[in-house]
Amino acid sequence: MPAEPAFISVDARFHEHYTALWAALERVFPVQFVADAPPAQAIGAIVFDDEPAADRAGPSLTLPLPDDRSTHGGVRVQTSALVPDTTLAAMDLIDAGEGMLPLRPATGEVVLAETDTGPVWLMTADSDVGPSFRCARPLPDLAHGAALRDHLTLGDFLGLVPLVLAIRSWLGPSGWTEPPLRATFLFDDINLHGRRYGFIPFQALADDGAEHGYHTIMATIPLDAWFTHPTARRVFGRDDVLSLVFHGNDHTTRELDSVESVDDALAKMAQGLRRITAFEAKSGLHVGRIMTPPHGACSSAVAEALFRLGYRALCIDDVASWSAEPDPDPALHGWFPADFVAGGLPVVPRTLFDHDPRELSFRAFLRQPLVVYGHHEDLAEGLDLLRTFAAIVNRLGDVRWCDLDEMLDTNIATRVTDSTLHVRTYAGDATIDIPEGIDTVALQTPGVAGTLADTALSYDGAPVGFTSDAWQRVHVDPAGVTSATTVASQIASTEPVEPAAVPSPDRHPWPLVRRGLTETRDRGMPIAARARRPTARTS
């Protein structure tokens with residue numbers, strides 16, 4: 001069982017009104033929402049009132065009365081630099097809370113957000129008892145099947161963010177330490193057949209990434225892995241700024257979302273692994289075992305095949321749009337740093353360059369990996385796009401630019417209670433450093449769609465047994481814990497498959513023909529663009 005939760009008192013008149021919301025948040029944080037809990041037993045209180053109460057003891061979040069009307073409209077909300085999370089500080093955002101009544105700041109209250117009509121989010125910082133907040137937007141209601149993440153978007157955020165930040169503030173060091181902020185750029189369809197691919201000059205990109213501090217991943221097609229240009233091989237050796245992952249196998253139309261048979265999926269994905277393994281042996285380069293499906297589409301059969309073959313993750317848009325598996329926890333869909341499908345395959349979310357970059361703030365608020373992707377045409381005007389996005393991302397906080405493997409390696413959250421280290425793993429495999437004074441490590445993998453696969457745990461490199469409830473516990477010897485002591489976990493398929501044992505799919509000429517035509521088109525685009533530019537007249 002997890003550690004005993006901290007109590008948050010809720011005005012008893014409205015406790016049952018938000019039952020679904022409390023239940024979802026209790027699965028996110030180590031808290032329990034209790035109707036009219038005694039102040040001495042609660043870390044904070046949810047109060048429904050119009051004005052702050054001068055005699056209220058302890059930290060609180062004061063909110064307007066529940067409003068069953070659907071929210072609408074787009075209200076500009078300017079957040080302050082004082083917001084206690086850099087990912088949402090000093091931002092120009094949009095919220096659906098049209099008709100919010102502005103708040104009148106009391107003595108000692110600072111403004112965290114305001115609209116054109118006045119303040120809508122306030123904070124009182126009390127170093128003795130903790131911060132208190134007031135917000136003009138009612139809480140969201142999850143009673144009709146909505147997910148928490150639905151209320152953390154550009155257009156609908158002010159009902160939920162103050163509550164989440166209040167909980168984090170009240171928990172303090174007893175709450176979860178989430179993964180660090182991490183970011184990368186990703187381009188689909190790229191191969192290393194030349195010094196550049198389309199509008200992407202590899203050497204210039206690597207130099208610019210080093211100068212401006214960003215990382216770029218190329219999603220490469222295994223069918224293209226037969227040749228590597230010497231210059232590309234040298235440039236991609238700079239793995240601090242450039243890296244590679246999988247992009248399908250042949251990249252035919254609807255390649256991965258049209259596969260319904262697991263056997264067919266195994267054949268395609270095993271062939272891709274064999275092609276890339278040969279590429280790695282010849283080039284000396286590493287390709288991360290992460291699949292970015294062509295056209296952003298994947299079937300459940302392919303997800304199962306990837307998991308059984310040992311791929312580390314999928315990097316794809318919203319899981320709900322393609323997975324046939326029932327969501328294990330719909331209210332928390334898209335909330336954590338990764339969702340899981342096929343019994344234990346992590347899914348890392350990504351977003352297009354042409355989406356509103358302010359949406360990245362909400363992904364960063366949840367400490368999700370920030371993967372911004374596109375195609376070589378997005379750089380038709382040069383590398384300024386990447387510099388602009390890097391500046392936007394870097395203002396969110398202390399961002400680590402890295403490849404997808406490192407994102408998975410760091411996709412864990414931890415908290416300590418007494419002598420127990422609690423760990424949430426958002427990756428199929430994780431290595432956890434154990435602090436001194438710990439005698440038990442309790443691990444949890446939240447929200448796995450499908451039947452949870454086998455989990456293997458090791459302590460300092462040796463396999464260990466564990467309890468098989470929702471929290472897998474490993475008992476360690478605190479006297480032997482040093483700075484190098486670790487516990488490692490790995491979620492593995494109950495039906496693993498060796499790529500060499502899977503027959504290749506039937507051979508057809510069309511994938512080679514199609515890919516040849518596509519590559520010729522892509523490599524010709526910069527030439528055509530230069531030809532269309534007007535030339536200066538000479539007298």
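Quick look at the structure, then. What you see is a predicted model; the values in this text were computed from it and never measured.

Quick notes on the pairing of strand β18 (residues 345-348)
It is a general feature of regular strands that their side chains alternate between the two faces of the sheet.
Working step 1: The side-chain alternation of β18 yields two buried faces, one formed by Leu 345 and Val 347 and the other by Pro 346 and Val 348.
Working step 2: Note: strand β16 (residues 313-315) against β18, 2 bridges, orientation parallel. The residue of β18 that forms the bridge with Cys 315 is Val 348.
Working step 3: Pairing analysis gives 3 bridges linking strand β17 (residues 339-341) to β18, with the strands arranged antiparallel. Looking at the pairing, Val 341 lines up with Leu 345 of β18.

Some remarks on the packing of aromatic side chains
Working step 1: Taken as a whole, this structure holds 15 aromatic pairs when the rule is applied.
Working step 2: Centre to centre, the rings of Trp 226 and Phe 227 are 5.7 Å apart; their planes meet at 35°, and the pair counts as tilted.
Working step 3: Since its relative accessible area comes to 57%, Trp 226 is described here as exposed.
Working step 4: Ring centres of Phe 246 and Tyr 311 lie 5.1 Å apart, and the angle between their planes is 70°; this geometry places the pair in the edge-to-face category. Placement of Phe 246 in strand β14 (residues 242-246) and of Tyr 311 in the loop between α6 (300-309) and β16 is noted, with a sequence separation of 65 residues between them.
Working step 5: A relative accessible area of 4% places Tyr 311 in the buried class.
Working step 6: Ring pairs connect the aromatic residues Phe 185, Phe 187, Tyr 214, Phe 353, Phe 389 and Trp 401, which therefore count as one cluster.
Working step 7: Over the ring of Tyr 373 we find Arg 350, and its NZ or CZ is 3.5 Å from the ring centre.
Working step 8: The lysine or arginine in question, Arg 415, covers the ring of Trp 176, its NZ or CZ lying 5.9 Å from the ring centre.

What about unusual backbone geometry?
Working step 1: Positioned with a positive phi, His 251 is a non-glycine residue whose angle comes to about 60°.
Working step 2: Examined against the element boundaries, His 251 turns out to sit in the loop between β14 and α5 (262-283).
Working step 3: Here His 251 falls in the buried class, since its relative accessible area comes to 8%.
Working step 4: Located in the positive-phi region is Ala 342, a residue other than glycine, with phi close to 60°.
Working step 5: Note on placement: Ala 342 falls in the loop between β17 and β18.
Working step 6: Ala 342 gets classed as buried once you look at its relative accessible area, which sits at 16%.

Some points on the sheet that holds strand β8 (residues 118-124)
Hydrogen bonding along the main chain pairs the strands of a sheet, whether they run parallel or antiparallel.
Working step 1: Taken together, 9 strands build an open sheet; the order of strands is β2-β1-β3-β4-β9-β8-β7-β5-β6 and the sheet is mixed. Strands with a single pairing partner mark the edges of an open sheet, and in this sheet they are β2 (31-35) and β6 (92-95). Sheet twist, expressed as the average angle between the axes of neighbouring strands with direction ignored, equals 25°.
Working step 2: Pairing between strand β4 (residues 60-63) and strand β9 (residues 132-135): 2 bridges, direction parallel. The partner of Thr 62 across the bridge, within β9, is Arg 134.
Working step 3: Against the sheet, helix α1 (residues 19-28) makes contact with β1 (6-10), β2 and β3 (42-48), and its axis sits at roughly 150° relative to β2, the strand it touches most.
Working step 4: Most of the contacts of helix α2 (residues 161-171) go to β3, to which it runs at about 155°, and overall it touches β1, β2, β3, β4, β8 and β9.

Parameters at a glance
Residues numbered from 1 in each chain as written. Predicted model: local features only at pLDDT ≥ 70, side-chain atom pairs only at ≥ 80, totals over all residues. Heavy atoms only, no water. Buried < 20%, exposed > 50% of the residue type's maximum accessible area, 1.4 Å probe, protein only. Helix = DSSP H or I, 4+ residues; strand = E, 2+ residues; numbered from the N terminus. Pairing = 2+ DSSP bridges. Phe/Tyr/Trp six-rings, centres within 6.5 Å; stacked < 30°, edge-to-face > 60°. Lys NZ or Arg CZ within 6 Å of the ring centre and 35° of its normal. Axes fitted to C-alpha atoms, helices over the stretch in contact; angles between N-to-C directions. Contact = heavy atoms within 4.5 Å.

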